[in-house]
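Chain by chain, the residues:
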Amino acid sequence: MIDIKILEKGGLDAYKKNLSDRGGDTAIVDQLVRLNEERRKHITAVETKKAELNKVSQEIAAAKKNKEDATSKIEAMRALGQEIKALEERSQAAQAQVDSILHGLPNKLHESVPAGKSAADNKVVRAYGEPKKFGFKAREHWELGEKNGLIDFERAGKIAGARFAILKGGLARLERALINFMLDLHTTEHGYRETIPPFIVNSNSLFGTGQLPKFKEDLFHLEGTDYFLIPTAEVPVTNYYMNETLNEEDLPIAYTAYTPCFRSEAGSYGKDTKGLIRQHQFNKVELVRFTHPDESYAQHEALTSHAEEVLKRLELPYRTAALCSGDIGFGSAKTYDIEVWLPGQNAFREISSCSNYEDFQARRGNIRFKPAGGGKPQFVHTLNGSGLAVGRTLIAIMENYQQEDGKIAVPKALHGYMSERLI
């Protein structure tokens, strides 16, 4: 969440440029400042009237003590009470409008974010491996899955509906192997502590990480409750420290978690209708870090490298791109997208987004740290990224390790996790 005090103390023009770079309408910022000024005026008026009320109350008490007629003063006190109530209602209404705008404003961008309007303007910063070439026509993953009886979309549709799938046999074991491989790598080599968080969260948690109120239509809400299915483990893991103050010496704190994720895919009608790319339910291993503000960008580079390492171990070609101002997410100050090569699609597709939110989520979730040398508590910086999206990693293995007969070889890195070498 943006700090309105910073906007009003010299940061207004910079933020308006930031919003314009994101493709937003800067008029909303001017409206915010105007409403906040009105809110302050109402608060001042309330305080003035309360002082008057206190004075009249003392005069009434004195009049009664002296057995004088206090009727006019009592009427004046009632009138002041009504004025105060009306002013407080206006103040509350203005506060609600201010909060509504603040909750919908995106994060400020880091200075290194490239300018641009769409994904076409994202900047590739590094690449690994060469896109694979085959001596036969590469199949897409869904063709391979159906050919070998490893994916059943039809029966999943009967059970649940569109955008669901059932994995079977060796492919189901390969998915499970990937989850264990990723968790083992991140916990034994990258320093993350494994967690199993709730897969259902409340609205406060979704507000804290920025999904609510802006992206409510993307969530699965459990009717009649304040519960939602998680769209990503980022939500429960980041909110682990909601309304807490950490110690500076404990930073950075790093957690990883495997969870299923649930997304309505609102607005994606007609996109990736075949296969596993865009499902309502999918598995993901998430990386989350809580850091000191001075270290968060170094930590961002480290987190991104941890996600990339999964693809290196699996020997999958990929590239990493810094998202431009017009393509970056709502809450992020800077994001790297890692895109894996899919021969069947003859294209790179996103497999992980690694983001530094700076203090945007920490303000919403009230997550602070106490400086070791004393002083006022500060907001931590939060970072997260997929390490990796398991289903999309499965797709990448299927397409990059496919054989001419349609079978799929198991990457060497997974040989310790499953007995099959070919599925």
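Residues numbered from 1 in each chain as written. Predicted model: local features only at pLDDT ≥ 70, side-chain atom pairs only at ≥ 80, totals over all residues. Heavy atoms only, no water.

**Describing the overall build of the chain**
Then, number 1: From N to C terminus, the chain includes 11 helices and 15 strands.
Then, number 2: Considered along the principal axes of its C-alpha atoms, the chain spans approximately 105 × 50 × 40 Å.
Then, number 3: By the burial criterion, 48% of the 423 residues in the chain qualify as buried.
Then, number 4: Contacts in the chain between residues at least 24 apart in sequence constitute 74% of all its contacts with a sequence separation of at least 6.
Then, number 5: In the form shown here, the chain has an accessible surface area of approximately 20600 Å², with 48% of it arising from carbon and sulfur atoms.
Then, number 6: Charged side chains in the chain number 57 positive and 58 negative. The centres of these two groups are separated by 2 Å. (Helix = DSSP H or I, 4+ residues; strand = E, 2+ residues; numbered from the N terminus. Buried < 20%, exposed > 50% of the residue type's maximum accessible area, 1.4 Å probe, protein only. Contact = heavy atoms within 4.5 Å. Areas by Shrake-Rupley, 256 points an atom, 1.4 Å probe, with all protein chains shown as cover. Lys, Arg positive; Asp, Glu negative; His and termini not counted. Charge placed at Lys NZ, Arg CZ, Asp CG, Glu CD.)

**Things to note about the packing of helix H2 (residues 27–65) against helix H3 (residues 71–104)**
Then, number 1: It is the contact of H2 with H3, at a shortest axis distance of 8 Å, that shows an interaxial angle of 160 degrees. Between H2 and H3, the interaxial angle falls into the category roughly antiparallel. Read as a crossing pair, H2 and H3 show a hand that is left-handed.
Then, number 2: For the contact of H2 with H3, the per-class residue count stands at 18 nonpolar, eight polar and 10 charged. (Axes fitted to C-alpha atoms, helices over the stretch in contact; angles between N-to-C directions. Parallel < 35°, antiparallel > 145°, perpendicular 65-115°, else oblique. Left-handed = near helix turned anticlockwise from the far one by under 90°. Nonpolar A, V, L, I, M, F, W, Y, C, P; charged D, E, K, R; others polar.)

**A closer look at the pattern of salt bridges**
Then, number 1: A complete count under the given rule lists 21 salt bridges for this structure.
Then, number 2: A salt bridge links Glu189 to Arg313; its shortest N-O distance comes to 2.7 Å. Within this pair, whereas Glu189 is found in the loop between helix H6 (169–188) and strand S4 (193–195), its partner Arg313 is found in helix H9 (residues 296–313), the two being separated by 124 residues in sequence.
Then, number 3: Under the relative-accessibility criterion, Glu189 is labelled partly exposed at 49%.
Then, number 4: What makes Arg313 partly exposed here is its relative accessible area of 31%.
Then, number 5: The closest approach of N and O atoms between Arg313 and Glu309, which form a salt bridge, is 2.6 Å. In this pair, Arg313 and Glu309 are both assigned in helix H9, four residues apart and thus about one turn of the helix distant.
Then, number 6: Linked by salt bridges that have partners in common, Asp3, Lys108, Glu358, Asp359 and Arg363 make up one network. (Salt bridge = Lys/Arg side-chain N within 4 Å of Asp/Glu carboxyl O.)

**Re the sheet that holds strand S8 (residues 253–262)**
Then, number 1: Strand order in the open sheet formed by eight strands is S1-S10-S11-S12-S15-S9-S8-S4, with mixed pairing between adjacent strands. Only two strands of the sheet have a single neighbouring strand rather than two, namely strand S1 (123–128) and S4. Along the sheet, successive strands turn relative to each other by an average axial angle of 25 degrees, direction set aside.
Then, number 2: Here S4 pairs with S8 via three bridges, running parallel. Among the inter-strand pairings, Glu194 is bridged to a residue of S8, identified as Thr256.
Then, number 3: Together, S4, S8, strand S9 (281–291) and strand S15 (381–389) form the strand contacts of H6, whose direction differs from that of S9 by roughly 5 degrees.
Then, number 4: Contacting S9, strand S11 (334–342), strand S12 (347–356) and S15, helix H11 (residues 390–400) crosses the sheet at an angle of about 35 degrees to S15. (Pairing = 2+ DSSP bridges.)

**Regarding the packing of aromatic side chains**
Then, number 1: Here the structure, examined in full by the defined rule, presents 10 aromatic pairs.
Then, number 2: Judged by centre distance (5.4 Å) and plane angle (25 degrees), the rings of Tyr128 and Tyr318 are stacked. Remark: Tyr318 occurs in strand S10 (residues 318–322) and Tyr128 occurs in strand S1; sequence separation between them is 190 residues.
Then, number 3: By relative accessible area, which is 29% here, Tyr128 ends up partly exposed.
Then, number 4: On the basis of relative accessible area, Tyr318 is assigned to the buried category, the value being 3%.
Then, number 5: Here Phe181 and Tyr417 contribute two aromatic rings whose centre-to-centre distance is 6.1 Å and whose plane-to-plane angle is 75 degrees, an arrangement assigned as edge-to-face. In this pair, Phe181 is assigned in helix H6 and Tyr417 in the segment after H11, connecting sequence segments 236 residues apart.
Then, number 6: Residue classification places Tyr417 among the partly exposed positions, given a relative accessible area of 31%.
Then, number 7: Here the aromatic residues Tyr240, Tyr241, Tyr255 and Phe290 are joined through ring pairs into a cluster of three or more. (Phe/Tyr/Trp six-rings, centres within 6.5 Å; stacked < 30°, edge-to-face > 60°.)

**Focus on the sheet that holds strand S7 (residues 244–247)**
Then, number 1: Here three strands make up an open sheet; going across it, the order is S7-S13-S14 and the pairing mixed. Every interior strand has two partners, whereas the edge strands, S7 and strand S14 (378–379), have only one.
Then, number 2: Of the strand pairs in this sheet, S7 and strand S13 (residues 367–370) are connected by four bridges, and their pairing is parallel. Looking at the pairing, Leu246 lines up with Phe369 of S13.

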